[in-house]
Amino acid sequence: MGGTAKILVLIAAGCLAGVLLWPAPRTHLPGATPRAAAIVPAPVSGARIWYAAKNMPLLSLPDGRQEIVRSVLNITGPMQFGSFVWNEDRIPEGPLWVRIDLTRQLMSVFRAGHEIGAAVILYGTDGKPTPTGSFSILEKDAHHYSHSYDAPMPYMLRLTNDGVAIHGSNVRQGYATHGCIGVPPDFARLLFAAAKKGDLVVILPVPQGAGKA
């Protein structure tokens, strides 16, 4: 990530500087393997990009699996710290999974192959890094309180036995976590309601040499 000057992290040692924002207009997910270039325009302008049945891109997971992407949110402007988009309109029920891109500090939530949510995130610093790989949601607790850090962790979705979780946070530039994934509280509430124990969460690592500016 980069492009901005280093600033003091207020929660933990290290630095998080700048989000690599979605382009405008957004026509694909970074890391997706397109099966063809054509897309079907969203029926409602600005709401969603629908992929033609034979042209749906694939997202590769760390364990070698691939997930089909049937549609994505049409995010036409830059996403800032604390901002998010959530839109389930006309999206069917189905398996839910979460993709977390540490390089871009972005989370995408998919249901039945459709992106229903996207948010700028916080993650752990070098001293308390966020683990990467594939995880399952182990526990849900809407009113969780961390005794280790003496802090509330609303709408907590636990990912590891040692306490790494997705939870509501004050997502601001210059902030970091102790290894968890922090998302805006309103987004955390929506994700908490949509997700269930056992759902897949994929955390992509920062490529070697990318660094934090």
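Residues numbered from 1 in each chain as written. Predicted model: local features only at pLDDT ≥ 70, side-chain atom pairs only at ≥ 80, totals over all residues. Heavy atoms only, no water.

### Some words on the nonpolar core
Of all hydrophobic cores here, the largest spans 28 residues; its most connected members are Ile100, Met107, Val109, Ile166, Ile181 and Leu191. Elements that contribute at least two residues to this core include exactly strand E7 (96–101), strand E8 (106–111), strand E9 (114–120), strand E14 (181–183), helix H1 (185–194) and strand E15 (200–204). With four residues, H1 is the largest single contributor of residues to this core. Aside from chain neighbours lying at most four places away, what touches Met107 is Val98, Arg99, Ile100, Gly117, Ala118, Ala119, Ile121, Ile166, Ile181, Val183, Phe187 and Leu191. Within the second largest apolar cluster, twelve residues are counted, among which are Ile49, Leu59, Trp97 and Leu200. (Core = buried A, V, L, I, M, F, W, Y, C linked by side-chain atoms within 4.5 Å. Buried < 20%, exposed > 50% of the residue type's maximum accessible area, 1.4 Å probe, protein only. Helix = DSSP H or I, 4+ residues; strand = E, 2+ residues; numbered from the N terminus. Contact = heavy atoms within 4.5 Å.)

### Quick word on the confidence of the model for the chain
Averaged over every residue, the pLDDT of the chain is 78; residues scoring 70 or more account for 75%. In the model of the chain, strand E1 (residues 32–33) stands out as the element of lowest mean pLDDT, 58, in contrast to E7, which has the highest, 97. When the criterion is pLDDT under 50, residues 1–27 qualifies, and its contacts beyond four places in sequence or with other chains add up to 84 contacts. Per-residue pLDDT stays below 50 along residues 34–45; that stretch engages in 23 contacts with residues further than four places along the chain or on separate chains. (pLDDT = per-residue confidence, 0-100.)

### Focus: unusual backbone geometry
For Ala112, which is not glycine, the phi dihedral falls at a positive 55 degrees. Here Ala112 lies in the loop between E8 and E9. On the basis of relative accessible area, Ala112 is assigned to the buried category, the value being 17%. The phi dihedral of Tyr155 is positive, around 55 degrees, even though this residue is not glycine. Take Tyr155: it is sitting in strand E12 (residues 151–158). The class for Tyr155 is partly exposed, based on a relative accessible area of 24%.

### Some points on the packing of aromatic side chains
Under the defined criterion, the tally for this structure stands at four aromatic pairs. The interplanar angle of 65 degrees and the centroid separation of 5.6 Å between the aromatic rings of Phe84 and Phe187 together place this pair among those described as edge-to-face. Remark: Phe187 occurs in helix H1 and Phe84 occurs in strand E6 (residues 84–86); sequence separation between them is 103 residues. Among the aromatic residues, those joined into a cluster by ring pairs are Phe84, Trp86 and Phe187. A cation over an aromatic ring shows up here: Arg48 above the ring of Trp50, its NZ or CZ 5.8 Å from the ring centre. One cation-aromatic arrangement involves Lys140 over Phe192; the distance from NZ or CZ to the ring centre is 4.4 Å. (Phe/Tyr/Trp six-rings, centres within 6.5 Å; stacked < 30°, edge-to-face > 60°. Lys NZ or Arg CZ within 6 Å of the ring centre and 35° of its normal.)

### Here's the deal with the pattern of salt bridges
Across all of its chains, the model carries five salt bridges by this definition. Of the charged contacts, one joins Arg111 and Glu88 as a salt bridge, the two residues approaching to 2.5 Å between their closest N and O atoms. With a gap of 23 residues between them, Arg111 in strand E8 and Glu88 in the loop between E6 and E7 connect regions that are remote in the sequence. On the accessibility criterion, Arg111 (6% relative accessible area) is buried. Looking at Glu88, the relative accessible area reads 33%, which means it is partly exposed. The residue Asp101 makes a salt bridge to Arg104 at a minimum N-O spacing of 3.0 Å. (Salt bridge = Lys/Arg side-chain N within 4 Å of Asp/Glu carboxyl O.)

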